[in-house]
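Now for the letters of each chain:
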Amino acid sequence: MEDQREALRKIITTLAVKNEEIQSFIYSLKQMLLNVEANSAKVQEDLEAEFQSLFSLLEELKEGMLMKIKQDRASRTYELQNQLAACTRALESSEELLETANQTLLATDSKDFPQAAKQIKDGAPVIDLAESLVADNCVTLVWRMPDEDNKIDHFVLEYRRTNFEGPPRLKEDQPWMVIEGIRQTEYTLTGLKFDMKYMNFRVKACNKAVSGEFSEPVTLETPAFMFRLDASTSHQNLRVDDLSVEWDAMGGKVQDIKAREKDGKGRTASPVNSPARGTPSPKRMPSGRGGRDRFTAESYTVLGDTLIDGGEHYWEVRYEPDSKAFGVGVAYRSLGRFEQLGKTAASWCLHVNNWLQVSFTAKHANKAKMLDAPVPDCLGVHCDFHQGLLSFYNGRTKQLLHTFKAKFTQPLLPAFTVWCGSFHVTTGLQVPSSVRCLQKRGSATSSSNTSLT
């Protein structure tokens, strides 16, 4: 009997163990079922997100293709309309030419027949260099005809930029720009940017029948101050793009990350290099600050790449009015990497502050003078190195804002600073005539503040 009880106990124990195993297995199955449901839901969610992303991408591609089609259609329509207008003008000229030809055929004098064409062909215009003028980024070209009796309908003027003095070369990188329909014997080109040293000009006369020969081409000098922004000097939080600068709060961190990825040393990477100009200047330095470290800390500064060591120079800068702080001026190359414009004896600037309260000041050697004038959105800078004058103007009205009087002991570089904002520099400008007149009359001297020099 005891043996039977012992066997029954073993059976009961075995059944209890098996029961626990079954319960554990059932729990595992339930967990697996939950996992399958969760995983399938996650996969479904990911799949929907992926398809949504694909749909968005396809929608963007669709919008891009539709925009391209619309642009191509507008461009083609514009070209066809221009061709239609040109053909219409050609038809009108053809009708006028036909009428002129019929009148010529009816002429009794045999010499009258080729006279209209021969006169214009034989008498090319002559450009009068003595009367032509280059000033204020404008060129006024004056010419005359050898024979004042020519029956001229209009003139055609062509011009192009060049860096070569003397007679125009046959081959140039810059194309001829054409201006048609000129009725007088002079023409003024306005709003030019003199980013090359010279300009070539030539003129031809036209009547109803033919176009004449071009005049002897001439070359005029177009002196102006050209420079680029030296990105290798800029603070890491300034994003330099050609002559434009924008504050980038993440600039330093991004540069550090890129530098670490590149060489693992955590060194500062340089932003976009300053593009090279068409003609290298002997005053342009590989780095405006002699290869030293870029500006850092709270000196959100960038320098120009061309030294000023003589003569008169002028440039303008437009800044975003919402910029919290902005400054423009000049500095020695020795300006320290931690030094802010106007805070030391190595820099002079006009400073606009829109942070907390608005202020408009002239700064030098850590001294400031409040300016009693509206803050313009465009500032002009005129530097007369030998006279020791640095003047600032309203770039639009040419109103004098302030003049520093100093004895510059080193070459200067254009200097700019901006915090939480942006600006754009305009170079290739001549010294405006109004600025020269103000300086000659002594207006600049009378408005200077000797305490800042």
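Above: the structure in question.
As the structure is a computational prediction, the values presented were derived from the model and not from experiment.

Enquirer: Can you walk me through the overall build of the protein chain in this structure?
Expert: Tallying secondary structure elements over the protein chain gives five helices and 22 strands in all. Nonlocal contacts in the protein chain, meaning residues at least 24 apart in sequence, comprise 68% of its contacts between residues at least 6 apart. Counting only carbon and sulfur atoms, one obtains 54% of the accessible surface of the protein chain, whose full area is about 27,100 Å².

Enquirer: Whenever I open this one, a nonpolar patch on the surface confuses me. Can you help?
Expert: On the surface, a nonpolar cluster with roughly 790 Å² of combined accessible area is contributed by Leu-47, Phe-51, Leu-54, Phe-55, Leu-57, Leu-58, Leu-61 and Met-65. Along the chain, Leu-57 turns up in helix α1 (residues 2-105). Look at Leu-57 and you get partly exposed, because its relative accessible area is 43%.

Enquirer: What is the right way to read the packing of aromatic side chains from this model?
Expert: A ring pair, where both rings are aromatic, is described by two values, the distance of the centres and the angle of the planes. Enumeration according to the criterion identifies 16 aromatic pairs in this entry. Ring pairing ties together the aromatic residues Phe-225, Phe-227, Trp-315, Tyr-319, Phe-326, Phe-416 and Phe-423, which thus form one cluster. Cation over ring: Arg-202 sits above Phe-214, and NZ or CZ is 4.2 Å from the ring centre. A cation sits over an aromatic face here: Lys-324 above Trp-419, 5.5 Å from the ring centre.

Enquirer: Would you mind going over the nonpolar core with me for this structure?
Expert: Generally speaking, a soluble globular protein has its nonpolar side chains buried in company with each other. Residues Leu-229, Trp-315, Phe-416 and Phe-423 are the most contacted members of the largest nonpolar core, which totals 49 residues. Excluding residues that lie within four positions of it along the chain, Phe-416 makes contacts with Phe-227, Leu-229, Tyr-300, Thr-301, Val-302, Trp-315, Val-317, Gly-327, Val-328, Leu-341, Phe-423 and Val-425. If you look at the next biggest cluster of nonpolar residues, it comprises 19 residues, including Val-203, Ala-205, Val-218 and Leu-220.

Enquirer: Help me understand the pairing of strand β3 (residues 138-144) in this model?
Expert: Working note: regular strand, side chains alternate between the two faces of the sheet. With five of seven residues buried, β3 lies mostly within the body of the structure. Here strand β1 (residues 126-127) pairs with β3 via two bridges, running antiparallel. Residue Val-126 lies in a different strand from β3, and its bridge partner there is Arg-144. Here three bridges tie strand β2 (residues 133-135) to β3, and the two strands are oriented antiparallel to one another.

Enquirer: Just checking my understanding: could you explain the sheet that holds strand β5 (residues 177-182) for this structure?
Expert: Within a beta sheet, neighbouring strands are joined by backbone hydrogen bonds and run either parallel or antiparallel to one another. On the basis of which strands lie adjacent, the open sheet formed by four strands has the order β5-β4-β7-β8 and antiparallel pairing. The sheet is open, and its two edges are formed by β5 and β8 (218-221), each paired on a single side. Recorded for the sheet is a direction-independent mean angle of 25° between the axes of neighbouring strands. With nine bridges joining them, strand β4 (residues 154-162) and strand β7 (residues 198-206) adopt antiparallel strand pairing. Bridging across to β7, His-154 finds its partner in Cys-206.

Enquirer: Explain unusual backbone geometry here, please?
Expert: Apart from glycine, the bulk of residues carry a negative phi angle, and the bulk of peptide bonds sit in the trans form. Notably, Ala-297 is not glycine yet its phi reads approximately 55°, a positive angle. Despite not being glycine, Cys-420 shows a phi value in the positive range, around 55°. Structurally, Cys-420 is set in the loop between β21 (412-419) and β22 (422-426). Look at Cys-420 and you get partly exposed, because its relative accessible area is 23%.

Enquirer: I'm lost on the environment of Tyr-332 in this one. Help?
Expert: Relative to the elements of secondary structure, Tyr-332 occurs in strand β14 (residues 325-332). Looking at Tyr-332, the relative accessible area reads 6%, which means it is buried. Sequence spacing of Tyr-332 and Ser-347 is 15 residues, and the spatial spacing of their C-alpha atoms is 6.4 Å. Leaving out residues up to four positions away in the same chain, Tyr-332 has contacts with Ala-345, Ala-346, Trp-348, Lys-407, Phe-408, Thr-409, Gln-410, Pro-411 and Leu-412.

Enquirer: Help me out: how do you make sense of the environment of Tyr-159 in this one?
Expert: Tracing the sequence through the fold places Tyr-159 in strand β4. Residue Tyr-159 is classed as buried on the basis of its relative accessible area of 16%. For the pair Tyr-159 and Val-203, spaced 44 residues apart in the sequence, the C-alpha separation amounts to 8.9 Å. Once residues lying within four places of it in the same chain are set aside, the contact partners of Tyr-159 are Pro-175, Trp-176, Met-177, Ile-179, Leu-189, Met-199, Asn-200 and Phe-201.

Enquirer: Please clarify how the pairing of strand β15 (residues 347-353) should be interpreted in this entry.
Expert: Burial runs high along β15: six of the seven residues are buried. Of the strand pairs in this sheet, β14 and β15 are connected by seven bridges, and their pairing is antiparallel. The partner of Phe-326 across the bridge, within β15, is Val-352. Bridge count between β15 and strand β16 (residues 359-364): six bridges; the pairing is antiparallel.

Enquirer: Mind showing me how you'd approach the sheet that holds β15 here?
Expert: Taken in spatial order, the seven strands of this open sheet run β9-β12-β21-β14-β15-β16-β17, and their pairing is antiparallel. Each edge of the open sheet is held by one strand with a lone partner, namely β9 (229-230) and β17 (367-370). Pairing between β14 and β21: eight bridges, direction antiparallel. Looking across to β21, one finds that Val-330 is bridged to Pro-414.

Enquirer: So what exactly am I meant to see when it comes to the environment of Val-435 here?
Expert: Position of Val-435 among the secondary structure elements: in helix α4 (residues 433-440). Along the sequence, Val-435 and Lys-398 sit 37 residues apart, while their C-alpha atoms lie 7.0 Å from each other. Excluding its chain neighbours within four sequence positions, the residues that come into contact with Val-435 are Tyr-314, His-382, Tyr-393 and Lys-398.

Enquirer: I tried to follow the side chain of His-235 on my own but got confused; where do I start?
Expert: Take His-235: it is sitting in the loop between β9 and β10 (238-241). Here Ala-297 takes part through its backbone oxygen, which lies 2.8 Å from a polar atom of the side chain of His-235. The contacts of His-235, once residues within four sequence positions are left out, are Arg-294, Phe-295, Thr-296, Ala-297, Ser-299, Tyr-300 and Thr-301.

Reading guide: rules and limits
Residues numbered from 1 in each chain as written. Predicted model: local features only at pLDDT ≥ 70, side-chain atom pairs only at ≥ 80, totals over all residues. Heavy atoms only, no water. Helix = DSSP H or I, 4+ residues; strand = E, 2+ residues; numbered from the N terminus. Contact = heavy atoms within 4.5 Å. Areas by Shrake-Rupley, 256 points an atom, 1.4 Å probe, with all protein chains shown as cover. Patch = residues over 30% accessible without salt bridge, like charges linked within 9 Å, V, L, I, M, F, W, Y side chains within 5 Å. Salt bridge = Lys/Arg side-chain N within 4 Å of Asp/Glu carboxyl O. Buried < 20%, exposed > 50% of the residue type's maximum accessible area, 1.4 Å probe, protein only. Phe/Tyr/Trp six-rings, centres within 6.5 Å; stacked < 30°, edge-to-face > 60°. Lys NZ or Arg CZ within 6 Å of the ring centre and 35° of its normal. Core = buried A, V, L, I, M, F, W, Y, C linked by side-chain atoms within 4.5 Å. Pairing = 2+ DSSP bridges. Axes fitted to C-alpha atoms, helices over the stretch in contact; angles between N-to-C directions. Polar contact = N/O pair within 3.5 Å; in protein donor to acceptor, adjacent residues only side chain to side chain.

Shape is all these values report; function is a separate question.
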